[in-house]
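Structure at a glance
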Amino acid sequence: MDLFTNLAIGFGTALKLSNLAYAFIGCLLGTLIGVLPGLGPLTTIAMLLPITYALSPDAALIMLAGIYYGAQYGGSTTAIVVNLPGESSSVVTTIDGYQMARQGRAGVALSTAAIGSFFAGCVATLAIAALAAPLASVALQFGPKEYFSLMILGLLLATVLSNGPFIEGVGMILFGTLLSLTGTDVNTGTQRFAFDIPQLFDGLDFVPLAMGIFGFAEIVKNLEPHEERTVMTQKITNMFPTREDYRRMIPAILRGTTLGTMLGVLPGGGAVLSSFAAYTLEKKLSSRPEEFGKGAIEGVAGPEAANNAGAQTSFIPLLTLGLPSNVVMALMVGAMTIHNIQPGPQVMTKNPELFWGLIVSMWVGNLMLVILNLPLVGLWVKLLTIPYRYLYPAIIVFCCIGCYSLKNDTFEVYEAALFCIFGYLLIKLQLPPAPMLLGLVLGPQIEENFRRAMLLSRGDATVFFTSPLSATLLAIAAIAVIMITLPQIRSTREEALKE
Amino acid sequence: MLIRNQRAFAAGALFLVVSVFYFLMSFKYATGTAARMGPGFFPRMVAILLGAIALGVLLSSLTPRAKREKLEGWDVKGLLWIAGSVALFGLLLAPPHWFPVLNLFTSFGLVFALAALIIISSLASPEFTWIGTLVSTAILIVFCVGTFVYGISLQFPVWPILAR
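Since this is a predicted model, take the numbers as computed values, not measurements.

Turning our attention to the overall build of chain B. For chain B, the count of helices and strands is five helices and two strands. Going residue by residue from the N terminus, the α and β elements of chain B occur as α-α-α-β-α-α-β. For 164 residues, the compact-globule estimate of 2.2 N^0.38 gives 15 Å, and the C-alpha radius of gyration of chain B, at 24 Å, exceeds that figure by more than 25%. Referenced to the eigenvectors of the C-alpha coordinate spread, the extents of chain B come out at roughly 55 × 45 × 35 Å. Within the span of chain B, comprising 164 residues, buried residues form 35% of the whole. Look at the contacts in chain B between residues 6 or more apart in sequence, and 68% of them connect residues 24 or more apart.

Okay, helix α5 (residues 91-102) of chain A next. Along an α-helix, residues three or four apart share an orientation, since each turn contains 3.6 residues. All names here are of chain A. Its twelve residues place the ends of α5 17 Å apart at the C-alpha level, agreeing with the 16 Å of an ideal helix rising 1.5 Å per residue. The buried count for α5 comes to eleven of twelve residues, which makes it a mostly enclosed element. Every buried residue belonging to α5 is among V91, V92, T93, T94, I95, D96, G97, Y98, Q99, M100 and A101, and all of these are buried.

This brings us to the domain arrangement of chain B. When its domains are assigned, chain B resolves into domain 1 (6-62) and domain 2 (76-162). Taking only C-alpha atoms into account, the centre of domain 1 of chain B sits 39 Å from that of domain 2 of chain B.

Moving on, we come to the interface of chain B and chain A. Contact residues are listed per partner, giving 59 residues for chain B and 56 residues for chain A. Listing elements by their share of the side of chain B that touches chain A, those giving two or more residues are α1 (6-25), α2 (41-62), α3 (76-93), α4 (109-122) and α5 (130-151) of chain B. Among the residues making up the side of chain B that touches chain A, the classes are represented as 42 nonpolar, twelve polar and five charged.

A few words on helix α4 (residues 57-82) of chain A. Residue and element names in this part refer to chain A. With 26 residues, α4 should cover 38 Å at 1.5 Å per step; its first-to-last C-alpha distance of 37 Å lies within 8% of that length. α4 sits mainly inside the fold: 25 of its 26 residues count as buried. Backbone geometry just after α4 places N83 at a positive phi near 65°.

Definitions and cut-offs
Residues numbered from 1 in each chain as written. Chains lettered and ligands numbered in written order. Predicted model: local features only at pLDDT ≥ 70, side-chain atom pairs only at ≥ 80, totals over all residues. Helix = DSSP H or I, 4+ residues; strand = E, 2+ residues; numbered from the N terminus. Rg over C-alpha atoms; globule rule 2.2 N^0.38 Å. Buried ≥ 20, exposed ≤ 12 C-beta atoms within 10 Å, placed from the backbone. Contact = placed C-beta atoms within 7 Å. Expected span 1.5 Å × (residues − 1). Domains from an automatic or database assignment. Nonpolar A, V, L, I, M, F, W, Y, C, P; charged D, E, K, R; others polar.

Here it is as C-alpha cells:
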C-alpha cells in the first residue's frame, strides 16, 4: 500500500515536536489575525511571511499552511459573532450564523463550524493524499505544449470564476504576464524591462507586490470615510449542539465536504466559490427553505465544511502541477521559492518528507484548530474591539519588515510603496488584481513552455491543436470562454458572484 | 463625444498605455523566428493581445448600451500618508548615498525607522490621537525588535549608525 507508506513518511515529519509546534503557532497566529475583519488569508500570510524566513523549508511550509487554515477559520468566527466576514469565503456564513448568534445560539453555530471544518479537513487531506501521486505522474508526462495549454486553461478558468467583466480580467492576466517578463531571459541571458536596475535582474518580486496591492492599498481604501460600523459582542454560553442540531447538520456537512473537495481543485475555485455553492445547494435541498436567513444550522454547516475542504484541495494543483489556482496559492509559490523549492510534480519525488509532511500537517492543523478555537472564542471576540486605527499601522509594520528581510534590501520596500499606489488605482478602476498576480506567477513558465513547444515543432503553432491532450485542454478553455460571453449565462454568473 | 462608462474607459486606457509601452520596448530585443524565438518575441505577442483587449474595453465603454459608471474620487491624502510612510521607512533604514542630510547616517536603525513609519501612517486615520499613537508605537517597536531581531535573528541595524 503506497498511500500508507507515504502517509507514514508524512506522519514522521509532521509529528516531529518542532513541526507540531510550528503548526500550532501557525494556527494560533493565523486565527489571531484572520479574526480581524477585513484581513483575509492572503494578507495574513503576506504579513506573517517574515517569521518563516529563518525556518527550514518543511517547517516554514507547515507553519504557512497552519496560518492559512487559521485565517480561514478565524474569518468564520468573526462572521458568526459580529456579522462581519473576516474574508470573502465566510460571507455566506454571516447570513445564518449571525442569525443563530442573535437567537443566543452563537456557541452552537461556532461548534457547528468547527465540526464541519474538521470533518471536511480530514476528507480533503485524504483526497489530496490519494490524488497527489497519480496526478503528479500524469503531470510528469506533460510536454511543453501540454503545459502551455494547461496554464492557459487554468488562467482563463480562474478569471471566469472571479467577478468583474471577463474581458478586463483577461487584460489583467496579460498585464501580469508582461510584468513577469522583467529580468533575465533564461534562454539568451538578455536583460528585459529591467531599466539597468540590478535589483530587477532576478525579476519582479511577488511578495512586495502582493503586500502593496492587497495590504497597503486595501488599508487606504478602508480609511476612506464610510458608514460607522459597530461591533456588538455578546457572551457565548452553550457550545453544545442538541441531538436535533446534529441530525440536521450531518448531511449538510457531508454535502458541503463533497462539493468543496471537488470545487477546490478547479482553478479559481477554492474556498470562496465552494462556500457560495454549498449555501445554494443546502437551500435548494432543504425541506424548510424558509428557515434560511433566519438561523438555519445547515446554512452554517454546509458552507463552512465546503470552504475548508476547498481551501485544502486547492493545494492539489499547486503540489502536483505546480499551478497555483488562486492568489493565496500564488503567494505559497512565492513562499516556496524563498525556500528554494520549485513547486510542481518533482517536489514529491525530490522532497518526499516535505511533501507528505505538509499533507499530514494539514490534518494535524485541523485538529489543532478545533482544540484551540472552541476554548479561545472569547479571546478572539475581544480582539474585535481593537480599533482599526491601531490595527493598520501594525499590518504595515509587519509587511515592511517582511519586504526588507526578503533580501536585506530596501528596494523591495520601495516596490511595495509603489504598488500601494498602483493597487489603489486598480481599486478605483475596479480592475481585479487576482488574475494579474496569477499572470505574474505563471508568466515565465508560460513563455518558457511556449518557446520550447514552438522549438520542438519547428515554429508550427498548430501543434497546440493537433496533440490530443493539448487540444482537449484548449477546447475546454474555449468552451468556458464562449459560455461566459453568452448573455444568459453571464447574468446568472453575475448574480452568483454578487456579494 | 460622451463617455458612458468612464470607469471602463479609464481601465481600457491603462491597458492601452501598458501594451503600447511593452510593444515599443520589445523592439529593443531580438525577435528571432517562431521556431527560435528571441527575447523580444513573446513580450511583443502578449503586448499585441493586450492592445486588442484594450481596444475592446475602450470601444465597449463608448457604445450607447454601455453601463453608466463614473470614476470614483481618490483619497489622495490617505494614499500619500500610507505610501509615503512606507517609502520613508526604507529611506531611514538605509539612506541612499546621494540623499542630502539623511546620508549622514548609514542607517537610522530599526527603532527610529519604525517610529516614523507608525506615526506617519497613523496620521492617515481620521480618528488619530497622539497619546494612543505614541503608546501603540512603543508597544509595536518593543514587540518587533524583540521578535524579529532577538527572536528570529533577522538582520537589522537596531540603532542609528553614523556614516564615516
